[in-house]
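Summary of the model geometry
The residues making up each chain are set out below.
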Amino acid sequence: MRFVRPILAALLALPVFTQAVFAQPSVTVSLKPGRDPGQAIDEEYTRKIREYTTETFFNSPLTDYLPASKNVPTPKAVLGDVAGAPGILPYSAEVYKYMRMLEAATPRVKVFSVGKTEEGREMIAVAVASERLIAQLDANRGRLAQLADPRTIHMDDAAADRLVAASTPIYYITGTIHSTETGAPTALMELAYRLAVDDSAYIKAIRDNVVTLITPVVEVDGRDRMVDIYRWHLAHPGQNWPNLVYWGHYVAHDNNRDAMGLTLQLTRNVLHTFVGWKAQVLHDLHESVPYLYDNTVGDGPYNAWIDPMLADEWEMMGWNNVSEMQKFGMPGVFTHGTFDTWSPSYLMFIAATHNGISRLYETFGNGGADTEERTLRPNEYSRTWFKQNPPLPKAKWSQRDNNNYEETGLLTALAFFSANNKLFLHNFYLKAKRSILKAKTEGPAAYVFTADDPRPGGQADLLRMLQDQGCEISRASAPFTVLMPAKKPRSGRGGRGGAATDGATDGDDKKPEEKPKPEPRTFPAGTYVLRMDQPYSRIADTLLDYQYWAPNDPQKSIYDDTGWTYGELGNVQVARVTDAKVLDAAMTRVDGAVMSPGGVEGSGSTFLINHNADSALITLRYRFPGASFDAAEEPFEAAGRKFNRGSFLVRNLAAADLAKAATELGVRAWAVDSAPSVKTHPLRAARVAIMHTWMNTQAEGWWRLEFDRLGVPYTYISTQTVAKDADLRSKYDVIIFGPGAGGNAQAIVNGRPMYGNPLPWKVTPETPNLAHTDETDDIRPGLGWTGLDHLQNFINQGGLFIAANDTATFAVTFGLAPGVSTSAARNLKVTGSAVRSKIVDGASPILYGYSDNLAIFAANPPLFGLSNMVGGGGGGGRGGGGGNERATGRGTEDDPDTPQGRVPSEIPEEPHGQPWEATPLTDEQLRNPVNVIPPAARPRVVLRYSNANELLVSGLLDNGGELAQHAAVIDATLGQGHVVLFSNNPFWRAETKGSYFLVFNAILNFDNLSAGRKLASR
Ligand SMILES: [Zn+2]
């Protein structure tokens, strides 16, 4: 960054480049920012910019004026005022209207439709560049595609140099993914205008050397709702306004955590745009930190699977951005901060995992377009080594200020990028090349998905997600054998799991261990292979590998989840193969989406379907609600095959209809003439309701999303609906209360504070976009005591209530799960990690189709305790019960302390249970057992957390001993009904597909959950 070169020198030297040219350090921008005195300015617009900017130092020479144009309209044409004007937030349609006006007025702008949202709103991408570059977009893209996949040019560096010399990079900017962060759309409207119109040398150099691509609104559904709420606020002065309960159709802030699972339309649309355009940068705009935190540099730990070249690019761009804006005297601009770049789930990270450069700004927003006095906290305004000119402790702040920062940051970033456009293009090529070489350098050589995986549906689902990420999948045409690294014996010292409280300790063995040898493993024909010698190998590596976050990592403010290993959480077998021989196996590339085989074999009127916990099974059940489905309560053999416990016996269904559905869903069925003799019970297409609070609807949104995708019908109700409905049981068989209710158990009952005015969430002429989710005249009231009573009646009358994490605590708090208690962990740290579970009662219908050792997702899980007594007592294992400790006295532990002058008496055995069990009852407790829960009414523990030394699968786990061995999934009984409690979260960001069927089994077996249960004798 020390060398200053005239930017044009780099641009005009088109003939054959040598690699040395690109190996030079990046250049700073030598052109002076500011207006071209030869170009007229829009006087009125400029005056308004200055009027709405609250301090002169909240502006820059790049944005304190607007160049005039005779034929290109300014944002005022749509907004009626300048970008960032107080009181003005445009709907997405207005933003698009303006972008299309630009397109019509100048050949330097072109608008592309890039897809639809869940609710059918359009998403766009706007390209801005010189007319020459816009005219050649397709040819340029063709060259970029070759750089993006160096196999197409046989990894020939000289050919790459020629392509680099002839090509222009794409800088992709995305706005307002977070709907409460409202400034980006107007900033990006004005930015597009400036890039198209401004004739200053500074802007012209950007226009000539980079294609700026802009998606002004990423979360379109949420944007339109936010504008509704803001307009409601303007129309009701002096009143409180409802917060944005729903952003997108399913999730709120978490829409920026979908870049792994790709389940939201906005993620898929941005991914397809980024990858389709072969863009080099993805720069996502947010607003939560004063005044501009460019988290491009951020903080460690960085994601462990990125190319180190990317980290260098982050440093280059981030520090340059700070440096340029410091020169303008704008306070509060910094790039180092606590944001770690560990999780690849952020939207911008699509670039990082696809050989581009990810960037994210946090500017300062007021959540609307009001100009307000803002007071900061000391940690925000203090001067630190990386924030030499910090934000002001107190300042009047406007949306225009925010727009100035966003645009100035972006323009300096674009100037730096365009001055170094060849360097970054060459890096783009090198990163792609190194991704291909990865297979044989650092490895692994491939990820392998065996053809004999018992869950071909889950396997195909995972492979399709990887295909969506741009990965190529191949299929072995013959068996092949590779050497697999030997598994090291696990340390019993806690290691990853923290202090071990059980399990084997092998540390005493002083004999030096023999190094385990690699072992051959043969995979059958039909096995899927994800070769790592492909340009997007890194995304596969980061999704499929194991994560480890050290408990003593210096980063203490962990930004998000720490573990996500997709094979484990998806209950799919994934082999990480380092043996490069795998690349020589006979295989062919899969064309089209990977599908699991499905259909009907044999003949007969009864169809047998093996239960393997593949999600498609519930889709099939609800596809034919009128057909008769039964579940086998034991494993059986028929049609020459083995069927798991829980397998389906289907009748009253035409073979052709089943065959069609089974083929489409990837489910295999066997037709037989007579049903096998095995005990069965009906599997009903239960009537499901999903209940939400009006405080937070995000975490349950991930449940809804998957229920919709898998075709599981449900009625969407709120706690307020339940409060009003005294006869829930006649309408529903199952009520699901997803996690993340937005408050503790009492808050769920009480709702929001009832101070002030009602806060409506409903469609009115004023708020037309609040449709498609749920409605209420007032979001404040909660479940109420009446609602709680209704829920209790629902369960007592044979309904099933399902709760997870915090809502499980709610159910326990209000006595819906007698015999279960919850407590918060003291020192346990499990920050969005995958942990190992163990089966406790494999005969429970909840575990149909499952084998042991399932990885489940845990984030601050409640610790369940069990008791055979109402009101607790006798909680399992350590910490439970009490009163069992030895008193002060004589002798050793197993030597009775006999009082002097007395014959020794026999010491009765103290009963004790495992941490996941209730302590067995004593004779004393049974003398008058008014508080003893009858055996059939006691909670049934189905799944527990594994022992401490094998608890961690992926991510961070500290003091895992506190969680180890505790119950994870409990089937409790209340009256005629059941309450199924999850300590883990079975539906999370489409990462936990392996856990889904725990919930689906509960639903399908809601009226037979006690099947296979062994009752205690007393
Ligand atoms: Zn944000």
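Residues numbered from 1 in each chain as written. Predicted model: local features only at pLDDT ≥ 70, side-chain atom pairs only at ≥ 80, totals over all residues. Heavy atoms only, no water.

Considerations on the overall build of the protein chain
Note the cut-off: Note on conventions: DSSP H or I runs of at least 4 residues are helices, E runs of at least 2 residues are strands, and numbering of each starts at the N terminus. Pairs of residues are marked as contacts when any of their non-hydrogen atoms sit within 4.5 Å. All accessibility values rest on the Shrake-Rupley procedure with a 1.4 Å probe; residue burial counts only the protein chains present in the view. Charge counting follows a simple rule: Lys and Arg are positive, Asp and Glu are negative, and His as well as the terminal groups are ignored. By convention, charge coordinates are those of NZ in Lys, CZ in Arg, CG in Asp, or CD in Glu.
Scanning the protein chain from N- to C-terminus turns up 29 helices and 37 strands. The dimensions of the protein chain, computed from C-alpha atoms along their principal axes, are 110 × 75 × 70 Å. Residue pairs at least 24 apart in sequence account for 82% of intrachain contacts in the protein chain once pairs closer than 6 positions are excluded. Looking at the protein chain as shown, the accessible area adds up to about 38300 Å², and 51% of this sits on carbon and sulfur atoms. When the 99 positive and 112 negative side-chain charges of the protein chain are each reduced to one mean point, those points stand 3 Å apart.

Digging into the environment of Thr693
The condition that has to hold: To sort residues, take the accessible area from a 1.4 Å probe on protein chains only and compare it with the maximum for the residue type: under 20% means buried, over 50% means exposed, and anything in between is partly exposed. Nitrogen and oxygen atoms within 3.5 Å of one another constitute a polar contact, given that in protein one can donate a hydrogen and the other can accept it, and given that sequence-neighbouring residues count only through two side-chain atoms.
Here Thr693 lies in the loop between strand S26 (688–692) and helix H23 (699–709). Here Thr693 falls in the buried class, since its relative accessible area comes to 2%. Spatially, the C-alpha atoms of Thr693 and Val749 are 9.5 Å apart, while their sequence positions differ by 56 residues. Leave out the neighbours within four places in its chain, and Thr693 touches Thr719, Phe737, Ala741 and Ile748. A polar contact of 3.1 Å, which involves the side chain of Thr693, links it to the backbone nitrogen of Met695. One polar contact links the side chain of Thr693 to the main-chain carbonyl oxygen of Ala741, over a distance of 2.7 Å.

As for the coordination of the zinc ion
Let me state the cut-off plainly: Because water is not among the atoms used, a metal site may look incomplete, as its donors are only the N, O and S atoms within 2.8 Å, or 3.2 Å for Na, K and Ca. Every geometry call rests on angle ranges, with four donors termed tetrahedral when all angles are between 85 and 135 degrees, four termed square planar and six termed octahedral when opposite donors are over 155 degrees apart and all others are between 65 and 115, and everything else termed irregular.
Looking at the metal site, the zinc ion is ligated by His178 (ND1), Glu181 (OE), Glu181 (OE) and His286 (ND1), spaced 2.1 to 2.4 Å from it. Around the zinc ion sit four donor atoms; with metal-centred angles ranging over 55 to 153 degrees, the donor geometry is irregular. All donors to the zinc ion come from one chain, and their sequence spacing reads H-x2-E-x104-H. Among the residues examined, His178 registers a relative accessible area of 1% and is labelled buried.

Focus: unusual backbone geometry
Between Pro290 and Tyr291 the backbone carries a cis peptide bond, its omega angle lying at -25 degrees. By the element assignment, Tyr291 lies in the loop between strand S5 (281–287) and strand S6 (292–299). Cis geometry is found at the peptide bond from Gly443 to Pro444, where omega equals 0 degrees. Within the fold, Pro444 resides in the loop between helix H17 (421–437) and strand S11 (446–449). Of note in the backbone geometry, Asn355 takes a positive phi value of approximately 65 degrees without being a glycine. Note on Asn355: relative accessible area 3%, which makes it buried.

A short note on helix H7 (residues 137–148)
Residue pairs three or four apart in sequence face the same way in an α-helix, which turns once every 3.6 residues. Stated precisely, the cut-off is as follows: How far a helix is expected to stretch is found by multiplying one less than its residue total by 1.5 Å. Our arc is simply the arc of the directions from the helix axis toward the C-beta atoms.
For H7, spanning 12 residues, the distance from its first C-alpha to its last is 16 Å, which sits close to the expected 16 Å at 1.5 Å a residue. Of all the residues in H7, the buried ones are Leu137, Asn140, Leu144, Leu147 and Ala148. Each buried residue of H7 lies within a common arc of 95 degrees when the element is viewed along its axis, so the set occupies one face.

Some remarks on the sheet that holds S5
To summarise the sheet geometry, strands pair through backbone hydrogen bonds and adopt either a parallel or an antiparallel arrangement. Our working definition: At least two bridges found by DSSP between two strands are what make those strands a pair. Angles shown run from 0 to 180 degrees and are taken between the N-to-C directions of axes, each axis being a line fitted to C-alpha atoms and, for helices, limited to the stretch in contact.
Taken together, the eight strands give an open sheet; going across it, the order is S1-S2-S4-S3-S5-S8-S6-S7, and neighbouring strands pair in mixed fashion. Of all the strands in the sheet, the pair left with one neighbour each is strand S1 (109–116) and strand S7 (333–340). Ignoring which end each strand starts from, the neighbouring axes of this sheet average 30 degrees apart. Across the sheet, helix H9 (residues 184–197) is in contact with S1, strand S2 (122–128), strand S3 (170–174), strand S4 (211–215) and S5; its angle to S4 comes to roughly 155 degrees.

Concerning the packing of helix H18 (residues 456–468) against helix H19 (residues 537–544)
Let me state the cut-off plainly: Convention used here: angles under 35 degrees read as roughly parallel, angles over 145 as roughly antiparallel, angles from 65 to 115 as roughly perpendicular, and any remaining angle as oblique. Should the near helix be turned anticlockwise from the far one by less than a right angle, the crossing is left-handed, and should it be turned clockwise, the crossing is right-handed. Ten residues, namely Ala, Val, Leu, Ile, Met, Phe, Trp, Tyr, Cys and Pro, are considered nonpolar, four, namely Asp, Glu, Lys and Arg, are considered charged, and the remaining ones, Gly among them, are considered polar.
Look at H18 against H19: their axes get within 10 Å of each other, and the N-to-C directions meet at 140 degrees. As summarised for this structure, H18 and H19 are arranged oblique, according to the angle between their axes. As for how H18 packs across H19, the hand of that crossing is right-handed. Only Ala540, Leu543 and Leu544 of H19 make contact with H18, whose side of the interface consists of Leu462, Met465 and Leu466. Split by residue class, the contact of H18 with H19 holds six nonpolar, no polar and no charged.

Regarding the nonpolar core
Across soluble globular proteins, nonpolar side chains show a tendency to be buried alongside one another. Worth spelling out the cut-off: Residue types Ala, Val, Leu, Ile, Met, Phe, Trp, Tyr and Cys, when buried and joined through side-chain atoms within 4.5 Å, form a set referred to as a nonpolar core.
Core analysis: the largest hydrophobic core is formed by 179 residues, its most contacted members being Phe449, Leu466 and Val582. Not counting residues within four places of it along the chain, the set of residues in contact with Val582 comprises Ala445, Ala446, Val448, Phe480, Val482, Val529, Val577 and Met587. Ranked by size, the runner-up nonpolar core spans 85 residues in total, among them Trp247, Leu617, Leu800 and Val980.

Quick notes on the sheet that holds strand S24 (residues 668–672)
With mixed pairing, six strands are arranged side by side in an open sheet as S18-S24-S19-S23-S20-S25. Each edge of the open sheet is held by one strand with a lone partner, namely strand S18 (599–602) and strand S25 (680–682). Adjacent strand axes in the sheet meet at a mean angle of 30 degrees, parallel and antiparallel pairs treated alike. Here strand S20 (residues 628–632) runs beside strand S23 (residues 648–651); their pairing, made up of four bridges, is antiparallel. Looking at the pairing, Asp630 lines up with Leu649 of S23. Across the sheet, helix H22 (residues 655–665) is in contact with S18, strand S19 (606–609) and S24; its angle to S18 comes to roughly 130 degrees.

Quick word on helix H12 (residues 265–277)
Over its 13 residues, H12 runs 18 Å from end to end, which matches the ideal 18 Å to within 8%, given 1.5 Å per residue. Looking at the residues trailing H12, positive phi occurs at Lys278, about 55 degrees.

What about the confidence of the model for the protein chain?
For clarity, the threshold we go by: Residue-level confidence of the predictor, termed pLDDT, takes values from 0 up to 100.
Averaged over all residues, the pLDDT of the protein chain equals 94, while 94% of them reach at least 70. Residue range residues 492–508 is modelled with pLDDT below 50. Its contacts to residues more than four positions away, or to other chains, number 37 contacts. Note that residues 874–882 has pLDDT below 50 and, in this model, 21 contacts with residues that lie over four places away or in other chains.

Brief notes about the pattern of salt bridges
Under the convention used in this document: The working definition used for a salt bridge is a side-chain nitrogen of Lys or Arg within 4 Å of a carboxyl oxygen of Asp or Glu.
Overall, the coordinates contain 58 salt bridges when judged by the stated rule. Across the pair Asp224 and Arg121 runs a salt bridge, and its minimum N-O distance is 3.2 Å. Of this pair, Asp224 sits in helix H11 (residues 220–235) while Arg121 sits in the loop between S1 and S2, placing them 103 residues apart in sequence. With respect to burial, Asp224 and Arg121 carry one shared label: buried. Here Arg151 and Glu472 are joined by a salt bridge, their closest N and O atoms 2.4 Å apart. Of this pair, Arg151 sits in the loop between H7 and helix H8 (157–166) while Glu472 sits in the loop between H18 and strand S12 (474–476), and the two are 321 residues apart along the sequence. With relative accessibility at 30%, the residue Arg151 sits in the partly exposed group.

Overview of the packing of helix H21 (residues 616–623) against H22
One can describe the packing of H21 onto H22 by two numbers: an axis separation of 10 Å at closest approach and a directional angle of 150 degrees. By the criterion of interaxial angle, the relationship of H21 to H22 is roughly antiparallel. Regarding H21 and H22, the two cross each other, and that crossing is right-handed. Of the residues in H22, those touching H21 at Ala616, Thr619, Leu620 and Arg623 are Leu658, Ala661, Glu664 and Leu665. Taken together, the residues of the contact of H21 with H22 break down into five nonpolar, one polar and two charged.

What about the packing of aromatic side chains?
Formally: Pairs were defined over the aromatic rings of Phe, Tyr and Trp, the Trp ring being its six-membered one, requiring ring centres within 6.5 Å. Orientation was assigned from the angle between planes: stacked under 30 degrees, edge-to-face over 60, tilted for the rest.
According to the stated counting rule, one finds 46 aromatic pairs in the structure shown. With 5.9 Å between their ring centres and 55 degrees between their planes, Tyr246 and Trp761 make a pair best called tilted. Here Trp761 lies in the loop between helix H25 (745–750) and helix H26 (784–796) and Tyr246 lies in the loop between H11 and H12, a separation of 515 residues in the sequence. In this structure, Tyr246 and Trp761 share a single accessibility class: buried.

Remarks on the side chain of Thr353
Mapped onto the fold, Thr353 is located in the loop between helix H14 (349–352) and strand S8 (357–363). You can call Thr353 buried: its relative accessible area is 6%.

Comments concerning the environment of Gly955
On the secondary structure map, Gly955 appears in the loop between strand S35 (952–954) and strand S36 (967–974). Separated by 116 residues in sequence, Gly955 and Ile839 have C-alpha atoms that sit 22 Å apart. Setting aside residues up to four positions removed in sequence, Gly955 forms contacts with Gln547, Tyr548, Trp549, Thr562, Gly563 and Ser833.

Details of the side chain of Asp254
Summarising the element assignment, Asp254 is placed in the loop between H11 and H12. Among the polar contacts listed, one links the side chain of Asp254 to the side chain of Trp702, at a separation of 2.9 Å. In this structure the side chain of Asp254 is engaged in a polar contact, spanning 3.0 Å, whose partner is the side chain of Arg989. Non-local contacts of Asp254, meaning those with residues more than four positions away in its chain, are made with Gln698, Trp702, Trp988 and Arg989.

Observations regarding the environment of Asn366
Topologically, Asn366 is positioned in the loop between S8 and strand S9 (372–375). If sequence neighbours within four positions are ignored, Asn366 has contacts with Thr371, Glu372, Arg374, Trp397 and Ser398. For Asn366, the side chain forms a polar contact with the side chain of Arg374, separated by 2.6 Å. Within polar-contact distance, the side chain of Asn366 engages the backbone oxygen of Trp397 at 2.9 Å.

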